Structure formats: C-alpha cells, structure tokens
Amino acid sequence: MLPVPGDSTQHIATVARSGRRPGAAAWLRSDWAVFAVRRLGGLVLSFAVLVVGVFLIVPLIPGDPAVAMLGSNATPEAIAALRERLGLDQPLWLQFLDFVGGLFRGELGTSFRYGVPVTEIIGTKLPYTALLALGSIAVVILVAIPLGMTVGVLTRGGRRGALSTVFGAVAGFLASFPAYVAGTLLVIVFAIGLRVLPAGGVDSPGFWVLPIAALALGPTFAVARVVRQETYTVLQQDFMRTARGKRLGAIRLYVVHALPNLMTSTLTLTGLILAGLIGGTVIIESVFSYPGLGLEVVQSIIYKDYPTIQGIILVIGALAILINLLIDVVLGVIDPRTLGGGHHD
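- An unreviewed UniProt entry annotates the chain as Peptide ABC transporter permease originating from Leucobacter massiliensis.
- Listed in UniProt under the heading Subcellular location (unreviewed entry), the comment for the chain reads: "Cell membrane".
- According to UniProt, the comment filed for the chain under the heading Sequence similarities (unreviewed entry) is "Belongs to the binding-protein-dependent transport system permease family."

Encoded structure:
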C-alpha cells in the first residue's frame, strides 16, 4: 500500500526533531559497531603499552648520553651540566610525565645528537623506510599469491608429487632465510660480482632493488606456502566441484571463485608480515647503508640519543598497530564473519 503523504511528512518532521537518522539504532547493534568498540579499546591499550614500553626500554641501554656526547675525557662538571640541560637529572617518573605530555602536544622531544626536533628527523627518514616496506609487501603479494595458487592447482589431489616435495623443501628453506644473510648474498652476487646494481646508498638508480629483494625473499615463500595449502583446501569444497562441473574457464574458476576464499588467511598473514617488515628494515638498512629509520635508530643507540630512539621505535610500533587494524577492517569487508559479532537481521 502506498504511504499517505501527510503521514510521510509527519514522520520526516519527527526524525528531524529527534536529530537521529533512520538506521542509526540498527547500526549501533550491528557487527561493525561491536567491532569498532572492541578495536578502539584494543587500540588504546596497545598504544598505552607501546608508550610505556618505549620509555622504559631506552633508559636500560648501557652508558650515559652525556658521556657519549662529550667524550670520556670530559670533566664531571661538564657532564653534570649537560645532564641537567638534557633533563637526565630528573627522576624517572618525572621524565615519563614530560614524555607523555610531549606526545599529547604532538612532540617527540629534541635529538641529543642533532639538536633538532625528532619529528623532523623522522619526517626525513620515514619515506625511505616506507618505500622499502611497501615495496617489499607489493613483491610478496604479487609473487606469493600467484605462485602459491599455481602450485596448489598443479598438485591438487596428490598430482605431481615431485613438484609438491620440491616446492615444500625450497619454500621452507627460503622462508626461514634471514634477511641480513639474503642481503649480504645479493650484494656479493649483483653488486660485487655482476656489478649490475648498487651495493648501497641512494645516489644510484635502482638503489632500492636489492634491499626490497632481501626483505621480501623470506616472507614471499612463507605466504606462498600458506596460499598453496589454502588453495588445496578450497579446491576440495563443494562449490568448487560444482564450478568445475560447469566447465568454467580457468580464470573464472580460480580467480573469481577460488581467490576470494583464500584472502582471509592470506591477508591476516600478510598484515603480520608487513608489520614485521617495518621492523626488519632496521637490519637491512644497516646492511645497505640505506638512510631510513632503521639506520638512524642504530646510530642513535650508539650515541645514546634517547629521544630519537624513543621517537623512531614509537612510530614503527604505531604503524604496526595501525596496519593490523587496517587488515582487520579489510577482512571484515571481505568476510563479515571475522568481525566477531553475531549477525543481526
């Protein structure tokens, strides 16, 4: 039955007076609302633990920043004066309050070594680290998913046992290959032996190729192993048997029907790997003398530059937390069952 115009007008006026849009109450009871509340609480707790951990870890580093800056021949008076200027003479709890207060103001302190705000240092170094991390995860996704799916399809139902054995052995070995060892071998082969790529720095074209390859090698085969196993599992499902019975083409069969059902576990693992890649750049950047956050934090540890160490670790940790949140949101869009709430009508 068509609505009565007068009734519709009255309903609209009532909604306008209440200040609520239709469906707001339903959204508050939805899985997404439960997910948002749960993840918001998790974010707050994670950031709180990160802030406390970052602050407490740095003072445990052996040595005195004042001595590292002035040298071992400095007089006790000069060291005491520098410690007072840096605020290192204050009680630890008061230093923590200053640290947290600076975070609320959007400040990460001033570098002991350079005498400039830590935010400026991070702003200069972060693009290089982001290039490595994002480039590595792009390689992982573009190589691991097709490779894992291809091997899974070729070896389904016990076919090609030799390929399955060889792939499992090679992938297992390379997945556990340390990134710094891979980086060293890549430098020996492609920079020193073949001389086709630079060994480090950012002055030569293609300076990012070897660091990205070293970072992506292990994660690529780790993800490929998971994709291969998930492909094998998905291909045994009834809906895939039905799709094969309809004589669908390979692209439609595997890309349209099989691939979406692989993405939940693949994205979960990929998110964890991306978070790990950001931290893994610390070692790789040192191997290749790459001017990112990783190399800077290593040098800051040597010079006992507390604010820079704290700021870089805090940013890396925050990025890892936000990446995991983004992965959870993407998984929720792909498969609402991962939201963790009940379904509402």
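From this point on, the discussion continues.
### Focus on the nonpolar core
Now for step 1: I122, M149, F288 and L314 are the most contacted members of the largest nonpolar core, which has 76 residues in total.
Now for step 2: A total of 12 residues in this core trace back to one element, the largest contributor, which is helix 14 (residues 306-334).
Now for step 3: Split by domain, this core shows at least three residues from each of two domains, domain 1 (34-105) and domain 2 (119-336).

### Looking at the packing of helix 8 (residues 161-175) against helix 10 (residues 209-235)
Now for step 1: Relative to each other, helix 8 and helix 10 sit at 140°, their axes nearing to 7 Å. When the axis of helix 8 is compared with that of helix 10, the two are oblique. Between helix 8 and helix 10 the crossing geometry is left-handed. In contact with S164, F167, A171, G172, L174 and A175 of helix 8, helix 10 contributes L217, G218, F221, A222, A224, R225 and R228.
Now for step 2: Partitioning the contact of helix 8 with helix 10 into residue classes produces 8 nonpolar, 3 polar and 2 charged.

### Concerning the UniProt feature "transmembrane region" (unreviewed entry) in the chain
Now for step 1: According to UniProt, the feature "transmembrane region" (unreviewed entry) maps to residues 40-61, 130-154, 166-194, 206-227, 267-288 and 308-334 in the numbering used here.
Now for step 2: The span residues 40-61 carries 82% helix and 0% strand; its end-to-end C-alpha distance comes to 32 Å.
Now for step 3: Across residues 166-194, the secondary structure splits into 86% helix and 0% strand, with the terminal C-alpha atoms separated by 28 Å.

### Remarks on the side chain of T308
Now for step 1: Considering the arrangement of structural elements, one finds T308 in helix 14.
Now for step 2: Residues within four places of T308 in sequence aside, it is in contact with S111, V118, I121, E296 and S300.

### So, the environment of V330
Now for step 1: Tracing the chain through its elements places V330 in helix 14.
Now for step 2: With a relative accessible area of 32%, V330 lands in the partly exposed category.
Now for step 3: Spatially, the C-alpha atom of V330 lies 9.9 Å from that of M263, the residues being 67 residues apart in sequence.

### Overview of the packing of aromatic side chains
Now for step 1: In this structure the tally under the stated criterion is 6 aromatic pairs.
Now for step 2: For the pair F55 and F96, a centre-to-centre distance of 5.1 Å together with 65° between the ring planes defines the contact as edge-to-face. With F55 in helix 3 (residues 31-57) and F96 in helix 6 (residues 92-104), the pair connects residues that are 41 residues apart, well separated along the chain.
Now for step 3: Given a relative accessible area of 4%, F55 falls into the buried group.

### A look at the pattern of salt bridges
Now for step 1: A complete count under the given rule lists 3 salt bridges for this structure.
Now for step 2: E296 is the partner of K125 in a salt bridge, and the nearest nitrogen-oxygen pair spans 3.8 Å. Of this pair, K125 sits in helix 7 (residues 118-154) while E296 is found in helix 13 (residues 293-302), placing the two residues 171 residues apart along the sequence.
Now for step 3: Salt bridges here are not isolated pairs; linked through shared partners, they connect R113, K125 and E296.

### Observations regarding the packing of helix 7 against helix 10
Now for step 1: Viewed as axis vectors pointing N to C, helix 7 and helix 10 meet at an angle of 35°, and their least axial separation amounts to 6 Å. Relative to helix 10, the crossing made by helix 7 is right-handed.
Now for step 2: Residue classes in the contact of helix 7 with helix 10 are distributed as 21 nonpolar, 6 polar and 1 charged.

### Considering helix 8
Now for step 1: The first and last C-alpha atoms of helix 8 sit 21 Å apart over 15 residues, in line with the 21 Å expected at 1.5 Å per residue.
Now for step 2: Within helix 8 the residues assigned to the buried category are F167, A171 and L174. Buried residues of helix 8, seen end-on, are gathered within an arc of 65° and therefore sit on one face of the element. Turned more than 90 degrees away from the buried face of helix 8 sit A162, T165, V166, A169 and F173, all of them exposed.
Now for step 3: Of the surrounding secondary structure, the elements contacted by the buried residues of helix 8 are helix 7 and helix 10.

### Quick word on a nonpolar patch on the surface
Now for step 1: On the surface, L185, I188, V189, F190, I192, L194 and V196 cluster together into a nonpolar patch covering about 630 Å² of accessible area.
Now for step 2: Relative to the helices and strands, I192 is located in helix 9 (residues 179-193).
Now for step 3: I192 sits in the exposed class, given a relative accessible area of 55%.

Parameters and conventions
- Here the residue index of a chain counts from 1 through its sequence in written order.
- Selection of residues for local features in this predicted model requires a pLDDT of at least 70, selection of side-chain atom pairs for listing and counting requires 80 or more, and totals for whole chains, interfaces and linings are taken over all residues.
- For side-chain calculations, the full set of non-hydrogen atoms in the structure is used, while hydrogens and water are omitted.
- UniProt positions are given in the numbering used here, feature names are shortened, and annotations may be inferred rather than shown by experiment.
- We call a set of buried residues a nonpolar core when its members are Ala, Val, Leu, Ile, Met, Phe, Trp, Tyr or Cys and they connect through side-chain atoms within 4.5 Å of each other.
- Under the scheme applied here, a residue whose accessible area is under 20% of the maximum for its type counts as buried, over 50% as exposed, and between as partly exposed, the area being computed with a 1.4 Å probe on protein chains only.
- Secondary structure counts use DSSP, requiring at least four H or I residues in a row for a helix and at least two E residues in a row for a strand, with both numbered from the N terminus.
- Either an automatic procedure or a domain database provided the assignment from which the domain bounds are taken.
- The convention used is that axes are lines fitted to C-alpha atoms, helices contributing only their stretch in contact, and that angles between N-to-C directions extend from 0 to 180 degrees.
- Orientation is classified from the angle alone, with under 35 degrees giving roughly parallel, over 145 giving roughly antiparallel, 65 to 115 giving roughly perpendicular, and any other angle giving oblique.
- Should the near helix be turned anticlockwise from the far one by less than a right angle, the crossing is left-handed, and should it be turned clockwise, the crossing is right-handed.
- Two residues form a contact once any of their heavy atoms are found within 4.5 Å.
- Residue polarity is assigned by list, with Asp, Glu, Lys and Arg as charged and Ala, Val, Leu, Ile, Met, Phe, Trp, Tyr, Cys and Pro as nonpolar; anything else, Gly included, falls into the polar class.
- Whether two aromatic rings pair depends on their centres lying within 6.5 Å, for rings of Phe, Tyr and Trp, where Trp uses its six-membered ring; planes under 30 degrees apart make the pair stacked, over 60 edge-to-face, and the rest tilted.
- Counted as salt bridges are all cases of a side-chain nitrogen of Lys or Arg within 4 Å of a carboxyl oxygen of Asp or Glu.
- Multiplying one less than the number of residues by 1.5 Å gives the expected span of a helix.
- Taking the helix axis as origin, the arc is that swept by the directions to the C-beta atoms.
- Patch building starts from residues that exceed 30% relative accessible area and form no salt bridge, then joins like charges within 9 Å and nonpolar side chains (Val, Leu, Ile, Met, Phe, Trp, Tyr) within 5 Å.
- The Shrake-Rupley method, run with a 1.4 Å probe, gives the accessible areas here. Residue values count only the displayed protein chains as cover.

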